[in-house]
Amino acid sequence: MRAVLAWKETIREQCVYDLAFKPDGSQLIIAAGLRVLVYDATDGSIIQPLKGHKDIVYCVAYAKDGKRFASGSADKSIIIWTSKLEGILKYTHNDSIQCVAYNPVTHQLASCSSGDFGLWSPEQKSVNKHKVSSKITCCGWTNDGQYLALGMMNGVVSIRNKNGEEKVKIERPGGSSSPIWSIAWNPSKDEHNDILAVADWGQKLSFYQLSGKQIGKDRTLTYDPCCVGYFSKGEYIVMGGSDKQASLYTKDGVRLGTVGEQNSWVWTCRVKPDSNFVVLGCQDGTIACYQLIFSTVHGLYKDRYAYRDSMTDVIVQHLITEQKVRIKCRELVKKIAIYRNRLAIQLPEKILIYELYSDDSSDMHYRVKEKICRKFECNLLVVCSQHIILCQEKRLQCLSFNSVREKEWVMESLIRYIKVIGGPPGREGLLVGLKNGAILKIFVDNPFPITLLKLTTSVRCLDMSASRNKLAVVDEHNTLLVYDIKSKELLFQEPNANSVAWNTQCEDMLCFSGNGYLNIKACNFPVHQQKMQGFMVGYNGSKIFCLHVYSMSAVEVPQSAPMYQYLERKMFKEAYQIACLGVTDSDWRDLATEALEGLDFETAKKAFIRIRDLRYLELINSIEERKKRGENDNDLFLADVYAYQGKFHEAARLYKRTGHESRALSMYTDLRMFDYAKEFVGVTDPKSSRMLMTKQADWAKSSREPRAAAEMYLSAGEHLKAIDIIGEHGWADMLIDIARKLDKAEREPLAKCALHFKRLKHHGYASETYSKMGDLKALVHLHVETLHWEEAFSLVEKHPQFKNDVFVLYAQWLAENDRFEEAQKAFHKAGLQNEAVKVLEQLTQNAVVENRFNDAGYYYWMLSMQCLDIAKESEEQRGEMLKKFERFQHLAELYHVYRSIQRYTDEPFSSHMPDTLFNICRFLLNNLTKDIPPGISKVNTLYALAKQSRQLGAYKLARYAYEKLQELHIPSRFQESIELSCLTIRSKPFHDKEDLIEGMMCYRCSTNNPLLNNQGSVCINCRQPFIYCASSYDVLPLVQFYLEEDISDEDALSLIDLEVPHTDQRAARWQDIDNGDLQSLRMDEGLDDEEEDPFTAKMSFEQGGSNFVPVKVSRPVLRAMSRRDVLIKRWPRPLKWEYFRSLLPEVSITMCPTCFKMFHSEDYELLVLQHNCCPYCRRPIDEPN
């Protein structure tokens, strides 16, 4: 340990009583005279003097959090200062302040005076003070802040809790003649107990536990101690006093040395936090800062490393097993030497010689063998089996363990390096390097040194190889020089070395460190480098011992690099030796393989044994057996080696060269490499070729390698067998390649390919194969089975004969997947009308059950059209289907109108005008005279009618509707409303509005009809059916007329299309607007005279009577009609066309060309714009009829 002065300052004519460091170590607070001085701890420059006290400042203390510090003075006051050097608080005691201390946890301040002590914390308003019987000289808190120790003039240490209550009292034997002058708690976190160091003026240093129990005996001092302080980790104590110096002690109180000698008493000393700097304060005003430098004291022999710890202990570390043993010397350890089973430790007054208990290489138990109780001064210490060697500059002394000096050697220059290099006990050899470059070998029993070499520069490090043939030297220029000892020849040199060591297990390997790299050199090969921190001090096998700062570690270094260097030069035995030091398994395999290829069977065998490779060991054994039998053809051996390694072509070439072609052939066939075998045989040898083919076929048959078998069948032209194997294993890519290569005439293999593709769900490949074969039926079935409908349809377009195969199955699939509308159309396309009808009936039923009356109406209309299609095609079913057609048409209209009523009653808002709803309700009730279809509610219809009638002023009809409702079962949600309305309607007049009744005029006989008619939608007078607008359900001014029997539809059309002769050129002009397939009637201006219209005359003539008399027209009447007045429903056969005559040509009427429903033109156009289709039959407006 050395103490180096960092800085020194003097405060004139002031005694420095106390010091305190800021916890981060940046500032030093000093109590000197009337002021508190703040210094920079790094260079000793003053930062600021603080004034505030009126008398001498005795003590200072800094809080652990670094936010504030306190000073106490003879003026009886305490001042609290902030870290920014501002005074923030002041309080007083009754006597002068002797010491202050901050609690390390709660930052509570303890301030002690001659008669009491106080406890203060920032959150308290007052200071809690406690009287004491004697003057307090020093104080200190435990690490956990729970207890406060007070040292007193009467020789008592009082330990108090945080509230100031005394818990433990320690009475020193000297009493008041030995006042306690300084105390300190050990700050170490590793100690199990709180340890208190107590220094008194009875010149004693003692240690106590928190319980008051003393640890060990009192340590006698030769001076009066004024201050005691611990290093941050608690490993050392620094103490100063009347001996005018500060001394360093171990934590157990063993003196280690002087820190700094001064000219007056040292009153205070403190250690800078977390560092090795110590600051002293003296009576004459001197402040001195010293840096303590702890040098490494250690020794190494092979895998044992001994080093000094805590200045008084020696730790011996086994670098391989990582075991450690601690030897406690309880005195300052000055030197350490280790050799084999010996360990020498030099203490200030003696040298101890230890030996191991046993010869076991891993034994770590040492016992004292000898003590040499003399004080020695030496630079280096070496121990041998029976001697110790002391080196003092140029002199070497050899002493026996009994302290007898046996020999002495005086060198011509300073000794720089010394090392024991082994030898018999009592006759060991030493390797010595001098400053002048001389390298000597000295034997302990020989008084004459032997000069090995003479260099021109000073020696830094030396080592001799295991066989004593080579010497490695590192000189002061960091150059490594390697010499042959016998010939003195320089073998090689390397730069950037600071230490060197030969491998103890391998003669030709050494390693050296320098510049942060570890360098390994084998023989005279290039250096292998890797990064490493520290000094390399030993090399044993694959382990390199490295010293970094204070710790020694064994680094495992794989020896791969040097091994490969030997392998490159085919030096297999040397490479094996290197590998034995430690390489990876893959390195062993490389060594074994290289040695085998180099025909060094012995080395290869050893290496394969290492990696337990039985296969190659069998090969080596067989070769050795063959050698014993007299075989010596190395090429043949090498061919076998190559064959084992998988280098088959090289093996075949060597077999051919040695005349063993049969071996090459059997090798290829065993490996199923028939192509290579064929190549090897060539076309010249038909016998071998036949044998190959036979072998190949046999193997393919029994082989469990299907891919290879398939390939062989293909090459043999056995397509079907190959296809079976490939298909079985699902190798679609391979299969399609075959299918593409096959000719389309080879139908059987192609069909097999297609079947396998179908099974493997490779639709595209199967499709391609069937297309190639031209098997359209199979292709259609494939598309259908795999649900590729688009492809199926495109095929049907080109080949209509497969229509039923596709559409029937498509329709069934759609129906299974709940896509009924599409299914129905598909059945229809396939010509399966009955199935189409069944699907539609199911759809219709579902729509009714789910209250989708709009869809129900649409489906019924579609059903009626399906029935019409069946009637057209089937004579037998015609009668039944036409009845169904009539019924479904009727139901379609009922459901279509009922949807509006259902929406009106179930939904909060209606999009219909009141008169439309009114018309719809009447139309429905007029048509519900017989059975009521499922889903249609008479209650809802009557309820809607009642409400609309009332709104429109048809009070009589409303009352009738409410009376009818009373006869029916009414849902609870309508109950209250209906009962109330039944009462209130009676307050209204019992008649209907005139204009409503006029709206029900028959356009044939001009009779005003009642608003409700139990005979249905016909005139009560002439029984002429009313024609309604399919949106507003107003009565349209149309009268249906019939042709006489002898007039066909074509005749009628041609007659109507003839222009009518007009008497008045300015008379009315009908305008026929033809919008696509829509027929519209419009009036330009004016009207024809009714008297001149033969149709009107005919009508008037035949009206009246209880039975309905239809209007029949003859040819002249037809000729007289204008095409513009007539609307024709052109029903497909077997239905007849229906003819209608408009009696109010100014009313524009449009008829849908698909469903033949009549609309007011304006209504129709608006609905078409809204829905982009006919509101009734949903025919898209842009679809051709």
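About the criteria used
- Residues numbered from 1 in each chain as written.
- Predicted model: local features only at pLDDT ≥ 70, side-chain atom pairs only at ≥ 80, totals over all residues.
- Heavy atoms only, no water.
- Helix = DSSP H or I, 4+ residues; strand = E, 2+ residues; numbered from the N terminus.
- Buried < 20%, exposed > 50% of the residue type's maximum accessible area, 1.4 Å probe, protein only.
- Contact = heavy atoms within 4.5 Å.
- Areas by Shrake-Rupley, 256 points an atom, 1.4 Å probe, with all protein chains shown as cover.
- Arc of directions from axis to C-beta.
- Pairing = 2+ DSSP bridges.
- Axes fitted to C-alpha atoms, helices over the stretch in contact; angles between N-to-C directions.
- UniProt positions renumbered as here; feature names shortened; annotations may be inferred.
- Phe/Tyr/Trp six-rings, centres within 6.5 Å; stacked < 30°, edge-to-face > 60°.
- Lys NZ or Arg CZ within 6 Å of the ring centre and 35° of its normal.
- Core = buried A, V, L, I, M, F, W, Y, C linked by side-chain atoms within 4.5 Å.

## Points about the overall build of the protein chain
Link 1 in the chain: Check the secondary structure of the protein chain and you find 31 helices and 63 strands.
Link 2 in the chain: By residue count, 51% of the 1185 residues in the protein chain fall in the buried class.
Link 3 in the chain: Taking as baseline every contact in the protein chain between residues at least 6 positions apart, the subset at least 24 positions apart corresponds to 45%.
Link 4 in the chain: If you sum the accessible surface of the protein chain, you get close to 56,700 Å²; carbon and sulfur atoms cover 47% of it.

## Looking at the environment of Gly145
Link 1 in the chain: Residue position: Gly145 is located in the loop between strand E14 (136-141) and strand E15 (147-152).
Link 2 in the chain: In this structure, Gly145 is in contact with Asn103, Pro104, Val105 and Lys162, ignoring residues within four places of it in sequence.

## Here we look at helix H4 (residues 601-610)
Link 1 in the chain: Among the residues of H4, Phe601, Thr603, Ala604, Ala607 and Phe608 are the ones counted as buried. Looking straight down H4, one finds its buried side chains confined to an arc of 160°; they lie on one side.
Link 2 in the chain: If you follow the buried residues of H4, they end up packed against helix H2 (572-581), helix H3 (585-597), helix H5 (614-628) and helix H6 (634-645).
Link 3 in the chain: Just downstream of H4, Arg612 is the residue with a positive phi angle, here 55°.

## A closer look at the sheet that holds strand E9 (residues 87-92)
Link 1 in the chain: Pairing is antiparallel across the open sheet formed by four strands, whose spatial order is E6-E7-E8-E9. The open sheet terminates on both sides in strands that have one partner only, identified here as strand E6 (57-62) and E9. Sheet twist, expressed as the mean angle between neighbouring strand axes with direction ignored, is 20°.
Link 2 in the chain: Relative to strand E8 (residues 77-82), strand E7 (residues 68-73) runs antiparallel, the two being bridged by five bridges. Note on E8: the bridge partner recorded for Arg68 is Thr82.

## Description of the UniProt feature "repeat: WD" (unreviewed entry) in the protein chain
Link 1 in the chain: Within the UniProt annotation, "repeat: WD" (unreviewed entry) is assigned to residues 50-81.
Link 2 in the chain: Annotated as 0% helix and 56% strand, the span residues 50-81 places its first and last C-alpha atoms 9 Å apart.

## Focus: the packing of aromatic side chains
Link 1 in the chain: Taken as a whole and judged by the stated rule, the model has 26 aromatic pairs.
Link 2 in the chain: Relative to Trp267, the ring of Trp265 lies with its centre 6.0 Å away and its plane at 45°, an arrangement referred to as tilted.
Link 3 in the chain: What makes Trp267 buried here is its relative accessible area of 16%.
Link 4 in the chain: Put simply, the rings of Tyr17, Tyr58, Trp181, Trp201, Trp265 and Trp267 touch in pairs and so form one group of aromatic residues.
Link 5 in the chain: In this arrangement the basic side chain of Lys272 is found over the ring face of Phe277, its NZ or CZ atom lying 5.3 Å from the centre.
Link 6 in the chain: The ring of Tyr357 is capped by Arg367, whose NZ or CZ atom sits 4.9 Å from the centre of that ring.

## Structural notes on the nonpolar core
Link 1 in the chain: Counting residues in hydrophobic clusters, the biggest one holds 85 residues, and the most contacted among them are Trp861 and Met1158.
Link 2 in the chain: Dropping the residues within four chain positions of it, Met1158 is found in contact with Ile1027, Tyr1028, Cys1029, Ala1030, Leu1036, Leu1038, Leu1127, Lys1129, Phe1140, Ile1149, Thr1150 and Met1151.
Link 3 in the chain: With 50 residues, the next largest nonpolar core counts Ile336, Tyr354, Tyr366 and Leu430 among its residues.

## Regarding the pairing of strand E18 (residues 180-185)
Link 1 in the chain: Across the six residues that make up E18, a large majority, five, are buried.
Link 2 in the chain: Bridge count between E18 and strand E19 (residues 195-200): five bridges; the pairing is antiparallel. Note that in E19 the partner of Ser182 across the bridge is Ala199.

## Here we look at the pairing of strand E3 (residues 27-32)
Link 1 in the chain: Counting buried residues along E3, six of its six residues qualify, which places the element largely inside the surrounding structure.
Link 2 in the chain: Side-chain alternation along E3 places Gln27, Ile29 and Ala31 on one buried face and Leu28, Ile30 and Ala32 on a second face that is also buried.
Link 3 in the chain: Of the strand pairs in this sheet, strand E2 (residues 16-21) and E3 are connected by five bridges, and their pairing is antiparallel. Across the sheet, the residue bridging to Leu19 is Ile30, located in E3.
Link 4 in the chain: Between the end of E2 and the start of E3, which pair antiparallel, lie five residues, with Gly25 showing a positive phi angle near 80°.
Link 5 in the chain: Note that E3 and strand E4 (residues 35-40) share six bridges and pair antiparallel. From the neighbouring strand, Ile29 faces E4, where its bridge partner is Val38.
Link 6 in the chain: Taking the residues that link successive antiparallel strands as the turn, the E3-E4 hairpin has two residues, and the phi of Gly33 there is positive, at about 65°.

## Quick look at the sheet that holds strand E61 (residues 1138-1142)
Link 1 in the chain: Taken in spatial order, the four strands make up an open sheet running E59-E56-E61-E60, and their pairing is mixed. Two strands close off the open sheet at either side, each with one partner strand: strand E59 (1111-1113) and strand E60 (1126-1129). Ignoring strand direction, the axes of neighbouring strands in this sheet form an average angle of 40°.
Link 2 in the chain: Where helix H28 (residues 1049-1057) meets the sheet, it contacts strand E56 (1038-1043), E60 and E61, and its direction lies at approximately 20° from that of E61.

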